[in-house]
Amino acid sequence: MAKFDGKFLTGVIGPAVFKKYRNMQLVTGKSRLTKEKQTKNTHKAATQFGIASTLAEQFRSVTTEIITDFYDGTMVYRFRTDVQKALKQAFDAQSETYHFTANSFDRLNGFEFNADSPVMDNFFVQPEQRIEGNILTIKLPEMVVSKDMKFPTKATSCLLNIAVGMFDLTYGNRTMCPIQSIEIPNGSRDNVIPAQELSFEIEPGCLCISMFSFQFIQKTFSGNLIINSKTFNPVAVFRAVIADGIVDNEQTEKWDEMSVVRDSKHFNKPKIELKAIEQEQEKVKTAADFPQYIQAIKELGVAEFVTYVSNSHTLYSGHNGHQLSSKAQYEPLVVAAKSHKKKFTKYLKMHQAGQTDYFSFCRHCAETGIDRWIVNLSLMTCTYYDQKDQLILTEPIPNSE
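Predicted model, so just to flag it, every value in this text is computed and none were measured.

Chemist: Can you explain the pairing of strand β8 (residues 135–140)? Please cite residues and give values.
Modeler: Where strand β7 (residues 128–132) meets β8, five bridges bridge the pair, whose relative direction is antiparallel. Across the sheet, residue Glu 128 finds its bridge partner in β8, namely Lys 139. Once β7 ends, the chain turns through two residues before running back antiparallel as β8, passing Gly 133 with a positive phi of about 65 degrees. With six bridges joining them, β8 and strand β14 (residues 196–201) adopt antiparallel strand pairing. By the bridge assignment for β14, Lys 139 is matched with Glu 197.

In structure tokens:
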């Protein structure tokens, strides 16, 4: 049954659905497809559509402050469509999960939130973006304002706002880096804005969506007035890229939740948990405890792990391509460029006999040129390599029983 609020109808009357949208009355036909009539394929399509719609909304909601309410009437549909197509391309039908790469969301690059006032009509320079480690940097070239910017009538300056939204598509969390702004005066004697770089601290493994927003300002006797409106509001996605690395849930769990990721079986969630692995590590007191530790983490879903001697950080791999990375355990050691197998074997046997602790063993590894060791939990082997990727030694891991 529909309700009337004095101006708009909302609800169902017969075969029609009445909705209120942006101070307008919309009427659509009622769907004739019931859950009972859905085929397996239509159910899957509906599920994927729902995920895309919710994910697109959560992308937008994080950056509401920079998008504002001045977007065009088709923005929600256009943005959802691009997100939906990106998800469809990343969907693996066999496993029924999304497999994302760095460029999975390239479709969003250059997306205009207000098609009536595209950024390209007001901003004529080409920024650059790079990611190194956990730092995303946007480089703005030198700007000659009179040539590289177009100001609307009455605008005395422009506030260029740059934001980076971060989305953890593994554990389902989202946040936004602090907005950084540059004021660009109109008609100033100093007509050149020097080249500059803006840096944002990001989390590895997360989808990073950088956006540019232009707020044009008119100076009046009562103060500054922002003259953007629903018909003029240049805001666009600059880049959408998944940063290299593995998501650290301890960092992202403090962010806002993304229930669509957390609750859906279609996102490729890790099947191994770092906290559980670390709890088993704490039980290892001597080398004699190592086989029991291996058996314990094997039951947790670990298929293989690589430990790097330089600082003992470890990369764990699960059976379905899931990966987790531990933090460094000590200050970096210098690993010798040349390996010495005989001397290393001696140190290894000393450690296995309980004559050295873990850190001493790592120092001995560095001294003898051991770069890392790889433990394969299917083969139950531990293999040591030097910096030249040469295999130095492979040892069987004894049964824990």
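Chemist: Pulling in residues and values, what's your account of the nonpolar core?
Modeler: With 65 residues, the main nonpolar core has Phe 123, Ile 184, Phe 305 and Trp 373 as its most contacted residues. Considering every element that reaches this core, the biggest residue donor is strand β10 (residues 157–168), with five residues. With residues up to four places along the chain from it excluded, the contact list for Phe 123 reads Leu 140, Met 143, Asp 148, Met 149, Leu 160, Phe 212 and Phe 214. One finds Met 75, Phe 79, Phe 111 and Val 261 within the second-largest nonpolar core, a separate group that totals 33 residues.

Chemist: Give a description of the environment of Val 260 that names residues and reports values.
Modeler: Mapped onto the secondary structure, Val 260 falls in helix α6 (residues 259–263). Those residues in contact with Val 260 that lie beyond four places of it in its chain are Ile 51, Thr 54, Leu 55, Gln 58 and Phe 267.

Chemist: Outline the sheet that holds β14, supporting the account with residue identities and numerical values.
Modeler: Pairing is antiparallel in the open sheet, where three strands are placed in the order β7-β8-β14. Every interior strand has two partners, whereas the edge strands, β7 and β14, have only one. Geometrically, the sheet is characterised by an average inter-axis angle of 20 degrees between neighbouring strands, direction not taken into account.

Conventions we followed
Residues numbered from 1 in each chain as written. Predicted model: local features only at pLDDT ≥ 70, side-chain atom pairs only at ≥ 80, totals over all residues. Heavy atoms only, no water. Pairing = 2+ DSSP bridges. Helix = DSSP H or I, 4+ residues; strand = E, 2+ residues; numbered from the N terminus. Core = buried A, V, L, I, M, F, W, Y, C linked by side-chain atoms within 4.5 Å. Buried < 20%, exposed > 50% of the residue type's maximum accessible area, 1.4 Å probe, protein only. Contact = heavy atoms within 4.5 Å. Axes fitted to C-alpha atoms, helices over the stretch in contact; angles between N-to-C directions.

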